[in-house]
Amino acid sequence: MTDTTPQDRLHLKNRTKLVHAGRRPSEQHGFVNTPVYRGSTVLFPTLEDLSGRKARFSYATQGTPTTAALESAWTELSGAAGTVLAPSGLAAITLALLTAVKSGDHILVTDAVYRPSRIFCDTVLTRMGVETSYYDPAIGASIDSMIRPNTSVIFVETPGSQSFEVQDVPAIAALARAKGICTILDNTWATPLFFPPHARGADMAVEAGTKYLGGHSDLLIGLVSANPEWFPRLRATFDAFAMCAGPEDVFLSLRGLRTLDLRLREAQRQALDLARWLAARKEVVQVLHPAFPSCPGHSFWKRDFLGSSGLFSILLSPCSAAALAAMLDGLKLFGMGYSWGGFESLVIPFDCRTYRSATAWNPPGPALRFSVGLEDIEDLKADLDAGFERMRTAA
Ligand SMILES: *Cc1c(COP(=O)(O)O)cnc(C)c1O
């Protein structure tokens, strides 16, 4: 058996690509995996090599065999021209934005964007002289009316963070392309397995690999893939910053990559089961899960996505803060904490009113976001059932 090449893998399914991409056993003495290369300096054997930088690697900020393995695998999986790695998902978002904006520009950002992305726009980009307008995630092609002569980026995130509105990405991207505007997509929820970002029109796609790629709540990493038009500029911006991911986190991401399809499909199955169970409860007013007709933009999910992952929200009927605390504080299996996509189930309450600026958010009562893990689903339901009982008792 010899190493397979990206060309060999072109016709293969994603599941097979996940197993083979980014591995060159012949370069690792036959060992299956690319190890953690630690380093700064790369030695050149001759003056000619040094002067011409005639080596695959020349300095570790620009790449190591470990980072190159993950970049190339992600590029294949995303259908991109190239990928760069960043030390966190948020760092990847800032890198994509800084690739596409200059002082004096205007950008359009979905009002359902991951909140730290909004903070970056409202602080650093504002300081750089870049103005941000937030738009309704349901806007679709009507975004045309918000485009100005100096609009350089449309930032989409689908489904929306916490509130799960699914966007009409192909319509927005087609419009952006016609006007020479860069479409940047935060694709963390679906991953390229459930939403092929560049085939749907994104120029650059960001993944917080901290979530499903890592999958074990033990690392931070971000990835930005780009189409042929944008990759040279993305790579040049990355090189200018040298904002590098840590070698251990890159290695763990490569390990996570091998089982990404398996874990994501199981997350999908578990989340659909739990969301159905929650939808049938009298305490639940609405389930915000893209695969449910009750989710805003569900028809776009049905048209454009290849699956749904393990993160969704619910809206509860009104209850006191004490009743909500009684429910959440007593949970034995659901942890309360930020991030998601790990093997363990999580729940957090959220309130979009604290930061939205373009759209109203008026739920009848509290809102909860679930990240469904790999526990037995009946155990998870029993944990929540006991929680609803505590809520009733406290009320
Ligand atoms: C978590 C998250 C990020 C940021 O990832 P970090 O690695 O935590 O910085 C970006 N976008 C979305 C949608 C996320 O959920």
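Residues numbered from 1 in each chain as written. Predicted model: local features only at pLDDT ≥ 70, side-chain atom pairs only at ≥ 80, totals over all residues. Heavy atoms only, no water.

Bringing the environment of glutamine 62 into the picture now. Note on placement: glutamine 62 falls in the loop between α3 (47-52) and α4 (65-78). When the C-alpha positions of glutamine 62 and methionine 146 are compared, they lie 38 Å apart, and in sequence the two are 84 residues distant. With near-sequence residues (within four places) excluded, glutamine 62 lies in contact with Arg53, Arg235 and Asp239. A polar contact of 3.3 Å, which involves the side chain of glutamine 62, links it to the side chain of serine 58. (Helix = DSSP H or I, 4+ residues; strand = E, 2+ residues; numbered from the N terminus. Contact = heavy atoms within 4.5 Å. Polar contact = N/O pair within 3.5 Å; in protein donor to acceptor, adjacent residues only side chain to side chain.)

The next subject is empty space enclosed by the protein. By the definition in use, this model includes 3 cavities of 30 Å³ or more. There is about 80 Å³ of room inside the largest cavity. What lines the largest cavity is Tyr212, Gly215, Arg263, Ala267, Gly341, Gly342, Phe343, Ser371, Val372, Gly373 and Leu374. (1 Å grid on protein atoms, 1.4 Å probe; cavity = no way out; pocket = protein on both sides within 12 Å on 5 of 7 lines; lining within 4 Å. Points joined across faces, edges and corners; volume = space filled by probe spheres on them.)

In this section: helix α13 (residues 321-329). Taken together, the buried positions of α13 are occupied by Ala323, Leu324, Met327 and Leu328. The arc that holds the buried residues of α13, viewed along the axis, is 125 degrees, so those residues lie on one side. Residues of α13 that are exposed and point over 90 degrees away from its buried face: Ala321, Ala322 and Asp329. The inward-facing, buried residues of α13 abut β9 (311-316), β10 (346-350), β11 (367-371) and α14 (377-394). (Buried < 20%, exposed > 50% of the residue type's maximum accessible area, 1.4 Å probe, protein only. Arc of directions from axis to C-beta.)

Time to look at the site of the ligand. Surrounding the ligand, one finds 14 residues, the nearest of these being Gly89, Leu90, Asp186, Thr210 and Lys211. The contact in question runs from an oxygen atom of the ligand to an N or O atom on the backbone of leucine 90, over 2.9 Å. When the free accessible area of the ligand is taken as 380 Å², the share hidden by the protein chains comes to 90%. Assessed atom by atom at 2 Å from the grid points, the ligand resides in the largest pocket. With 3 residues, the single largest contributor to the shell around the ligand is helix α5 (residues 89-100). Here the shell around the ligand is built from residues that sort into 6 nonpolar, 5 polar and 3 charged. (Near = heavy atom within 4 Å. Areas by Shrake-Rupley, 256 points an atom, 1.4 Å probe, with all protein chains shown as cover. Sits in = over half its atoms within 2 Å of the grid points. Nonpolar A, V, L, I, M, F, W, Y, C, P; charged D, E, K, R; others polar.)

Turning next to the sheet that holds β11. Each strand in a sheet pairs with its neighbour through backbone hydrogen bonds, running either in the same direction (parallel) or in the opposite one (antiparallel). The strand order across the open sheet formed by 4 strands is β8-β9-β11-β10, and the pairing between neighbours is antiparallel. Each of the sheet's edge strands pairs with one partner strand only, and the pair in question is β8 (284-288) and β10. Between one strand axis and the next, the sheet turns by 25 degrees as a mean value, whatever way the strands run. With 5 bridges joining them, β9 and β11 adopt antiparallel strand pairing. Counted as the bridge partner of leucine 315 is alanine 367 from β11. (Pairing = 2+ DSSP bridges. Axes fitted to C-alpha atoms, helices over the stretch in contact; angles between N-to-C directions.)

Now for the pattern of salt bridges. Scanning the model with the defined rule gives 25 salt bridges in all. With a closest N to O distance of 3.0 Å, arginine 24 and glutamate 27 form a salt bridge. The exposure class assigned to arginine 24 is partly exposed, which follows from its relative accessible area of 41%. Its relative accessible area of 39% is what places glutamate 27 among the partly exposed residues. The partner of arginine 148 in a salt bridge is glutamate 131, and the shortest N-O contact between them spans 3.0 Å. On the criterion of sequence distance, the pair formed by arginine 148 in the loop between β3 (131-135) and β4 (151-157) and glutamate 131 in strand β3 is long-range, its members being 17 residues apart. The exposure class assigned to arginine 148 is partly exposed, which follows from its relative accessible area of 32%. A network of salt bridges, in which partner residues are shared, links Arg281, Glu283, Asp385, Glu389 and Arg392. (Salt bridge = Lys/Arg side-chain N within 4 Å of Asp/Glu carboxyl O.)

Moving on, we come to the packing of aromatic side chains. If you walk through the whole model with that rule in mind, you get 6 aromatic pairs. Taken together, a centroid distance of 5.9 Å and an interplanar angle of 70 degrees make the contact between tryptophan 189 and phenylalanine 305 edge-to-face. Placement of the pair is tryptophan 189 in the loop between β5 (182-186) and α8 (191-194) and phenylalanine 305 in the loop between α12 (298-304) and β9, with a sequence separation of 116 residues. In this structure tryptophan 189 comes out as buried when scored by relative accessible area, which is 5%. Overall, the relative accessible area of 8% leaves phenylalanine 305 in the buried class. Among the aromatic side chains, those forming a connected cluster through ring pairs are Trp189, Phe195 and Phe305. Lying over the aromatic face of tryptophan 230, arginine 233 brings its terminal NZ or CZ to 3.7 Å of the ring centre. (Phe/Tyr/Trp six-rings, centres within 6.5 Å; stacked < 30°, edge-to-face > 60°. Lys NZ or Arg CZ within 6 Å of the ring centre and 35° of its normal.)

What follows deals with unusual backbone geometry. With omega at -5 degrees, the peptide bond leading from threonine 158 into proline 159 counts as cis. Among the secondary structure elements, proline 159 is positioned in the loop between β4 and α7 (169-178). Not every positive phi belongs to a glycine, and serine 217 is a case in point at roughly 55 degrees. Topologically, serine 217 is positioned in the loop between β6 (204-208) and β7 (222-226). Positive phi, normally seen in glycine, also occurs at alanine 242, with a value near 50 degrees. Looking at the element boundaries, alanine 242 is found in the loop between α9 (231-241) and α10 (247-258).

Turning to the layout of surface pockets, a few remarks are in order. Unoccupied space between atoms shows up once a probe the size of one water molecule is rolled over them. In this structure, the largest pocket encloses a volume near 630 Å³. Along the wall of the largest pocket there are 34 residues; nearest its centre are Tyr114, Pro116, Ser161, Lys211 and Arg369. Of the residues that constitute the lining of the largest pocket, the class distribution is 17 nonpolar, 11 polar and 6 charged. Mapped onto the domain boundaries, the lining of the largest pocket takes at least three residues apiece from domain 1 (14-258) and domain 2 (260-394). What the second largest pocket holds in volume is close to 450 Å³. Lining the second largest pocket are 24 residues; nearest its centre among them are Arg24, Arg56, Ala68, Ala69 and Ser72. With 6 residues, the single largest contributor to the lining of the second largest pocket is α4. (Domains from an automatic or database assignment.)

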